[in-house]
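Topology and contacts: notes
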Amino acid sequence: MPSIATSIICFNVIELLPNATKELPIRFQSYCEGTTKAKITLTNEKTGEYMYYDIFAKTTMAEVLDTISIESPIRQITRSIITIENPLSTNNIVNMLDDWYTCDNPNIQLVELTPLSSNHEGNYEIQYRPLSLTNTTSLLSIHTKELGSFKYKLLLNSTNNQIKQVIKFTDISLGSLAVEFLPIPIYNRNKSEYTCIIKNNPNIFIVNKSIMVDSVSNFDGDTLKIKISYDPI
């Protein structure tokens, strides 16, 4: 079937002298991977004689368009914007596939800011939130029906998180027990066990040594509230 993302262009009229040969330039352009079949017919308008050529063109998988470097502290989100040009008319619809983007790194999420369809360009936000110290390379692909795939190489680096949370216990009388909750963001994809350790003054601070947490499916994560008791002596 004809595709708005594939075109074959050649001259409408050529002059050919008797017993002569002439090259006919043909321009082929496609934005989608696959095979294109076409038929070009040359007709002598005076005699009605004609000849035709069957055209078979193969479009290979798209190459990586760009390399993007992103660095982020552990458990914090760093964002990077990518812009994709739409070569089609804004009257044409560009359909995104159901799984419209894929990435081999689970710490990457892609958010659509401006749709590609009916616009001259689309804007997308890469969100990178590492959960451990790492330096790695990943492949991000954006998939459309009409324009094929757009591929980006991601150079991902993570650093130590310098943000420290503080819990304050104030005006606590001797012999009384005060309780506060320490909220921490969690992003574990599997059921996990968190170990809690009190390094200083373990005799006056009480906390569960281990906490079991169910898996978190949402990229935005969840909040775990750790109960901390203070028993001044």
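Small disclaimer: the values here were computed from a predicted structure and weren't measured.

**Topic: the side chain of Ser80**
Structurally, the position occupied by Ser80 is in strand E6 (residues 78-85). What makes Ser80 buried here is its relative accessible area of 17%. Here Ser80 is in contact with Ile68, Ile70, Tyr124, Glu125 and Ile126, once residues within four sequence places are set aside.

**Side note on the side chain of Thr144**
Among the secondary structure elements, Thr144 is positioned in strand E10 (residues 135-144). Since its relative accessible area comes to 5%, Thr144 is described here as buried. Only 2.9 Å separates the side chain of Thr144 from the backbone nitrogen of Leu147, close enough to count as a polar contact. Leave out the neighbours within four places in its chain, and Thr144 touches Val94, Asn95, Met96, Leu97, Leu116 and Phe150.

**With respect to the environment of Ser138**
Examined against the element boundaries, Ser138 turns out to sit in strand E10. On the basis of relative accessibility, which here comes to 5%, the residue Ser138 falls in the buried class. Sequence separation of Ser138 and Asn188 is 50 residues, and the distance between their C-alpha atoms is 20 Å. Ignoring anything within four residues of it in the chain, the contact list for Ser138 reads Cys103, Asp104, Asn105, Tyr152, Lys153, Leu154 and Leu156. Of the polar contacts made by the side chain of Ser138, one reaches the side chain of Asn105; its length is 3.3 Å.

**Regarding the packing of aromatic side chains**
Scanning the entire structure with this criterion turns up five aromatic pairs. Centroid distance Trp100 to Tyr101: 5.0 Å. Interplanar angle 70 degrees. Geometry classified as edge-to-face. Taken together, the ring pairs connect Trp100, Tyr101 and Tyr124 into an aromatic cluster. Above the plane of the ring of Tyr52 lies Lys39, whose end atom (NZ or CZ) is 4.1 Å from the centre.

**Describing the nonpolar core**
In terms of nonpolar packing, the biggest core is built from 21 residues, with Ile126 and Ile142 touching the most fellow members. Sorting the residues of this core by element identifies strand E5 (64-73), E6, strand E8 (108-114), strand E9 (121-128), E10 and strand E11 (148-159) as the ones contributing at least two each. Sequence-distant contacts of Ile142, that is, excluding residues within four places in its chain, are made with Ile82, Ile84, Met96, Trp100, Tyr101, Leu110, Tyr124, Gly148, Ser149, Phe150 and Tyr152. In this structure, Phe169, Leu182, Ile211 and Leu224 belong to the second largest nonpolar core, which totals 15 residues.

**Details of the sheet that holds E11**
Strand-to-strand pairing in sheets goes through backbone hydrogen bonds, with the strands running parallel or antiparallel. In space, the four strands of this open sheet follow the order E5-E11-E10-E7, with mixed pairing throughout. The open sheet terminates on both sides in strands that have one partner only, identified here as E5 and strand E7 (96-103). Ignoring strand direction, the axes of neighbouring strands in this sheet form an average angle of 20 degrees. Direction of pairing for E7 relative to E10: antiparallel, over a ladder of four bridges. Looking at E10, one finds that Tyr101 is bridged to Ile142.

**Section: the confidence of the model for the protein chain**
Chain-level statistics for the protein chain give a pLDDT mean of 91 and a share of 99% at 70 or above. For the protein chain, strand E1 (residues 6-10) is the element with the lowest average pLDDT, namely 86, and E9 is the one with the highest, namely 98.

**Describing unusual backbone geometry**
Despite not being glycine, Asn19 shows a phi value in the positive range, around 60 degrees. Examined against the element boundaries, Asn19 turns out to sit in the loop between E1 and strand E2 (26-30). With relative accessibility at 88%, the residue Asn19 sits in the exposed group.

**Some points on the layout of surface pockets**
Of the pockets and cavities examined, the largest pocket occupies roughly 920 Å³. If you go around the largest pocket, you meet 24 residues; those closest to its centre are Ile14, Leu16, Leu42, Thr43 and Asn44. At the level of secondary structure, the elements contributing two or more residues to the lining of the largest pocket comprise strand E3 (34-43) and strand E4 (50-59). When the residues that make up the lining of the largest pocket are grouped by side-chain class, the tally is 14 nonpolar, four polar and six charged. The calculated volume of the second largest pocket comes to roughly 580 Å³. In this structure, the second largest pocket is lined by 15 residues; those nearest its centre are Leu182, Cys196, Ile197, Ile198 and Ile228. For the lining of the second largest pocket, the secondary-structure elements that each account for two or more residues are strand E12 (178-186), strand E13 (192-195) and strand E16 (222-230). Classifying every residue of the lining of the second largest pocket gives 12 nonpolar, two polar and one charged.

Conventions and cut-offs
- Residues numbered from 1 in each chain as written.
- Predicted model: local features only at pLDDT ≥ 70, side-chain atom pairs only at ≥ 80, totals over all residues.
- Heavy atoms only, no water.
- Helix = DSSP H or I, 4+ residues; strand = E, 2+ residues; numbered from the N terminus.
- Buried < 20%, exposed > 50% of the residue type's maximum accessible area, 1.4 Å probe, protein only.
- Contact = heavy atoms within 4.5 Å.
- Polar contact = N/O pair within 3.5 Å; in protein donor to acceptor, adjacent residues only side chain to side chain.
- Phe/Tyr/Trp six-rings, centres within 6.5 Å; stacked < 30°, edge-to-face > 60°.
- Lys NZ or Arg CZ within 6 Å of the ring centre and 35° of its normal.
- Core = buried A, V, L, I, M, F, W, Y, C linked by side-chain atoms within 4.5 Å.
- Pairing = 2+ DSSP bridges.
- Axes fitted to C-alpha atoms, helices over the stretch in contact; angles between N-to-C directions.
- pLDDT = per-residue confidence, 0-100.
- 1 Å grid on protein atoms, 1.4 Å probe; cavity = no way out; pocket = protein on both sides within 12 Å on 5 of 7 lines; lining within 4 Å.
- Points joined across faces, edges and corners; volume = space filled by probe spheres on them.
- Nonpolar A, V, L, I, M, F, W, Y, C, P; charged D, E, K, R; others polar.

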